[in-house]
Amino acid sequence: MVDAKMLDKISSAPGFIAALDQSGGSTPAALRLYGIADSDYQGDEEMFRLMHAMRVRIMSAPAFTGEKIIAAILFERTMDGDVDGQPVPSYLWEKRGVVPLLKIDKGLAAEENGVQIMKPMPELETLLARGRDKGIFGTKMRSVIASADRSGIAAVVKQQFEVARQIIGSGLVPIVEPEVSIKSPTKQEAEAILRDEIANQLDLLPASEKVVLKLTIPTVADFYAPLVAHKQVVRVVALSGGYSRTDACEKLSHNHGMIASFSRALTENLRVSMSDAEFDASLAETINEIYAASVNKA
């Protein structure tokens, strides 16, 4: 059963979603940007311990509250961790007023027909049950579109919605994320195909089944307005996709009805060497900038 208070926050509260879900492949790069070199740790366990410490520092900062952050996407290890002795999902909701979400995909398959679909998730049902038991509200899963190949994009969207139905059946709300690469030479054409494919899948959903969409900021402002308005869509959120925070916020500010769900753009100015006061001030400035781009539209 979907938590009504969390659903209300996700669907209507002003603010944005913080993406704190870097996984195995992207963790070293995230740590390097934070100021921790590959040579500063040995093995995956120490790497994930350092990553968790960074996330705890973010989640426990004074500005990281439900006033401007409506939800946070967690890596599985983060969901299983704690903050000050309290499990992360309950800490976020009970202490911060932030809805906990979970990244569930296991990475990307090799590119075919201009896209990368998700790798198989044979243990998904078990993960969904664990997440639900820990207080997770919804999930996030990512595919990547590199070019405007109609059959490839159709395959991505079909897979995303097949898994989304499984997630809905488990009592959680799925975030469908078919990312269009900002480096794609046919980005605008890919977005046109993607919008049509998503709309077709949304039209097939029963009235009781709803999804969140996480999409690359479109080339043409408000291009995804029909999806924002679709009755089966809880919310449309934007990924930063490799844009700097300044660029991502500027582009987002022209897209009505879309809010941010940034990862790298959220943490790009944070450094392990900062004092707590410097860290908190930098994060607060970033949160204010992303919030403004999500709420105050040009």
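The structure we're discussing is the one just above.
Thresholds applied
- Residues numbered from 1 in each chain as written.
- Predicted model: local features only at pLDDT ≥ 70, side-chain atom pairs only at ≥ 80, totals over all residues.
- Heavy atoms only, no water.
- Helix = DSSP H or I, 4+ residues; strand = E, 2+ residues; numbered from the N terminus.
- Contact = heavy atoms within 4.5 Å.
- Salt bridge = Lys/Arg side-chain N within 4 Å of Asp/Glu carboxyl O.
- Buried < 20%, exposed > 50% of the residue type's maximum accessible area, 1.4 Å probe, protein only.
- Expected span 1.5 Å × (residues − 1).
- Core = buried A, V, L, I, M, F, W, Y, C linked by side-chain atoms within 4.5 Å.
- Phe/Tyr/Trp six-rings, centres within 6.5 Å; stacked < 30°, edge-to-face > 60°.
- Lys NZ or Arg CZ within 6 Å of the ring centre and 35° of its normal.
- Axes fitted to C-alpha atoms, helices over the stretch in contact; angles between N-to-C directions.
- Parallel < 35°, antiparallel > 145°, perpendicular 65-115°, else oblique.
- Left-handed = near helix turned anticlockwise from the far one by under 90°.
- Nonpolar A, V, L, I, M, F, W, Y, C, P; charged D, E, K, R; others polar.
- Pairing = 2+ DSSP bridges.

### Describing the environment of Ala164
Note on placement: Ala164 falls in helix H7 (residues 150-169). Taking the C-alpha atoms as reference points, Ala164 and Val211, separated by 47 residues in sequence, lie 7.6 Å from one another. In this view, Ala164 contacts Met141, Pro174, Val176 and Val211; residues no more than four positions away in its chain are not counted.

### Here we look at the pattern of salt bridges
Taken as a whole, this structure holds 16 salt bridges when the rule is applied. Among the ionic pairs, Asp276 bridges to Arg57, the shortest N-O distance being 3.3 Å. Here the residue Asp276 occupies a position in helix H12 (residues 276-295), and Arg57 occupies one in helix H3 (residues 43-59), the gap between them amounting to 219 residues. The exposure class of Arg57 is buried, given its relative accessible area of 16%.

### Section: H3
An ideal rise of 1.5 Å per residue puts 24 Å on 17 residues; H3 measures up with 25 Å between its terminal C-alpha atoms. Among the residues of H3, Met47, Phe48, Leu50, Met51, His52, Met54, Arg55, Val56, Arg57, Ile58 and Met59 are the ones counted as buried.

### Let's talk about the nonpolar core
Membership of the largest hydrophobic core comes to 83 residues, with the highest contact counts inside it found for Met59, Phe64, Ile104 and Leu213. In this structure, Ile104 is in contact with Met121, Leu124, Leu127, Leu128, Thr139, Lys140, Met141, Val163 and Ile167, ignoring residues within four places of it in sequence. Counting 17 residues, the second-largest nonpolar core is a separate cluster that includes Ile17, Ala19, Leu101 and Val237.

### What about helix H8 (residues 187-204)?
Given a rise of 1.5 Å per residue, 18 residues ought to cover 26 Å, and the 26 Å separating the end C-alpha atoms of H8 matches this to within 8%. Buried within H8 are the following residues: Lys187, Ala190, Glu191, Ile193, Leu194, Glu197, Ile198, Gln201 and Leu202. Those residues of H8 that are buried are in contact with strand S7 (138-145), H7, strand S8 (173-180), strand S9 (211-216), helix H9 (225-228) and strand S10 (233-239).

### Digging into the packing of aromatic side chains
Inspection of every chain in the model, using the stated rule, returns two aromatic pairs. Ring geometry for Phe223 against Tyr224: centres 5.6 Å apart, planes inclined by 65°, an arrangement best described as edge-to-face. Looking at Phe223, the relative accessible area reads 16%, which means it is buried. Lying over the aromatic face of Phe223, Arg195 brings its terminal NZ or CZ to 3.9 Å of the ring centre.

### Observations regarding the packing of helix H10 (residues 245-252) against H12
Viewed as axis vectors pointing N to C, H10 and H12 meet at an angle of 25°, and their least axial separation amounts to 8 Å. Relative to H12, H10 is oriented roughly parallel. Relative to H12, H10 is oriented so that their crossing is left-handed. Taking contact as the criterion, the partners of Arg245, Thr246, Cys249 and Leu252 in H10 are, on H12, Thr286, Glu289, Ile290, Ala293 and Ser294. The residue makeup of the contact of H10 with H12, split by class, is four nonpolar, three polar and two charged.

### Examining the pairing of strand S5 (residues 99-103)
Judged by how many residues are buried, S5 sits mostly within the fold: five of five residues are covered. Neither face of S5 is open: one carries Val99, Leu101 and Lys103, the other Pro100 and Leu102, and all of them are buried. Sheet topology note: the strand S2 (residues 69-74)/S5 ladder contains four bridges and is parallel. Bridging from a neighbouring strand, Ala72 pairs with Pro100 of S5. With three bridges joining them, S5 and S7 adopt parallel strand pairing. Of the residues in S7, the one forming a bridge with Leu101 is Gly138.

### Side note on the packing of H7 against H8
Following both chains from N to C, one finds H7 and H8 inclined at 35°, their axes separated by 9 Å at the closest point. Regarding H7 and H8, the two cross each other, and that crossing is right-handed. Of the residues in H8, those touching H7 at Arg150, Ile153, Ala154, Val157, Lys158, Phe161 and Arg165 are Ala190, Ile193, Leu194, Glu197, Ile198, Gln201, Leu202 and Leu204. Looking at side-chain class alone, the contact of H7 with H8 contains 10 nonpolar, one polar and four charged residues.

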